[in-house]
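Now for the letters of each chain:
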Amino acid sequence: MLMTRKEKELMKVIYGAASERGQCLISPMEILSKIPYKVDFRESDIDKVMEQLKIDGYFGYDKARQKDETIYCIVLKEKGLSFERDRKTARKKLIIRIATTIAFALLGYLIKVIITAVTG
């Protein structure tokens, strides 16, 4: 399943905050401070996107209160732990697909040039 832009950005933040064991405590303000401004991500979006990622099997989480502030207690699942590797693999596949498309376009052009040169 393809992730939305908001899901990707939230997963980057959570993956970056998680320890080697895949656990982290993070507040909504910390999340928002680490998401780039060019992404339209608001505090009201956090719960909805977190729930979507939970349903998709990236992590499990609970909410806690600490000094009148909400804190998310997150534990990455297998899919969440492999998030960065999967991102790199997808990027590599995209680069290969683009390079292959360019190579075939050049090959087609060269064949056209050769055929026009031979037939005059």
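Please refer to the structure higher up on the page.
Residues numbered from 1 in each chain as written. Predicted model: local features only at pLDDT ≥ 70, side-chain atom pairs only at ≥ 80, totals over all residues. Heavy atoms only, no water.

Colleague: Explain the overall build of the protein chain to me, using residue names and the numbers behind them.
Modeller: What the protein chain contains, in helices and strands, is five helices and three strands. Put simply, the protein chain runs from its N terminus to its C terminus through helices and strands in the order α-β-α-α-β-β-α-α. Over its C-alpha atoms the protein chain spans a radius of gyration of 22 Å, topping by over 25% the 14 Å that the globule rule assigns to 120 residues. Along the first, second and third principal axes, the C-alpha set of the protein chain runs to 80 × 30 × 20 Å. Every one of the 120 residues in the protein chain was classed for burial, and the buried ones make up 29%. By sequence separation, contacts in the protein chain at least 24 residues apart represent 54% of the contacts at least 6 residues apart. For the protein chain, the exposed area adds up to about 8,800 Å²; of that, 59% sits on carbon and sulfur atoms. Taking the average place of the 23 positive charges on the side chains of the protein chain and the average place of its 16 negative ones, the gap between the two points comes to 9 Å. (Helix = DSSP H or I, 4+ residues; strand = E, 2+ residues; numbered from the N terminus. Rg over C-alpha atoms; globule rule 2.2 N^0.38 Å. Buried < 20%, exposed > 50% of the residue type's maximum accessible area, 1.4 Å probe, protein only. Contact = heavy atoms within 4.5 Å. Areas by Shrake-Rupley, 256 points an atom, 1.4 Å probe, with all protein chains shown as cover. Lys, Arg positive; Asp, Glu negative; His and termini not counted. Charge placed at Lys NZ, Arg CZ, Asp CG, Glu CD.)

Colleague: Would you mind going over the packing of aromatic side chains in detail, with residue names and values included?
Modeller: The tally for this structure, following the rule as stated, stands at three aromatic pairs. With a centroid separation of 6.1 Å and 65° between ring planes, the pair formed by Phe59 and Tyr61 is classed as edge-to-face. Accessibility assignment for this pair places Phe59 and Tyr61 in one class, buried. Grouped by ring-pair contacts, the aromatic residues Phe59, Tyr61 and Tyr72 constitute a single cluster. Its end group placed over the ring of Tyr61, Lys54 keeps NZ or CZ at 5.3 Å from the ring centre. (Phe/Tyr/Trp six-rings, centres within 6.5 Å; stacked < 30°, edge-to-face > 60°. Lys NZ or Arg CZ within 6 Å of the ring centre and 35° of its normal.)

Colleague: Give me the lowdown on the sheet that holds strand 3 (residues 69-76), citing residues and values where you can.
Modeller: Taken together, three strands build an open sheet; the order of strands is 1-3-2 and the sheet is antiparallel. With partners counted over all chains shown, the strands left at the sheet margins are strand 1 (23-26) and strand 2 (59-66), one partner each. Put simply, the sheet's adjacent strands are angled 20° from each other on average, direction ignored. With eight bridges connecting them, strand 2 and strand 3 associate as antiparallel partners. Across the sheet, Lys63 pairs through a bridge with Tyr72, a residue of strand 3. Sheet contacts for helix 3 (residues 43-55): strand 2 and strand 3; angle to strand 2, the most-contacted strand, approximately 145°. (Pairing = 2+ DSSP bridges. Axes fitted to C-alpha atoms, helices over the stretch in contact; angles between N-to-C directions.)

Colleague: Talk me through the nonpolar core; I want residue IDs and the actual numbers.
Modeller: Core analysis: the largest hydrophobic core is formed by 23 residues, its most contacted members being Met50, Phe59 and Ile74. Broken down by secondary-structure element, the contributors of at least two residues to this core are helix 1 (5-17), strand 1, helix 3, strand 2 and strand 3. Beyond its immediate sequence surroundings of up to four residues, Met50 is in contact with Leu10, Ile14, Phe59, Tyr61, Tyr72 and Ile74. (Core = buried A, V, L, I, M, F, W, Y, C linked by side-chain atoms within 4.5 Å.)

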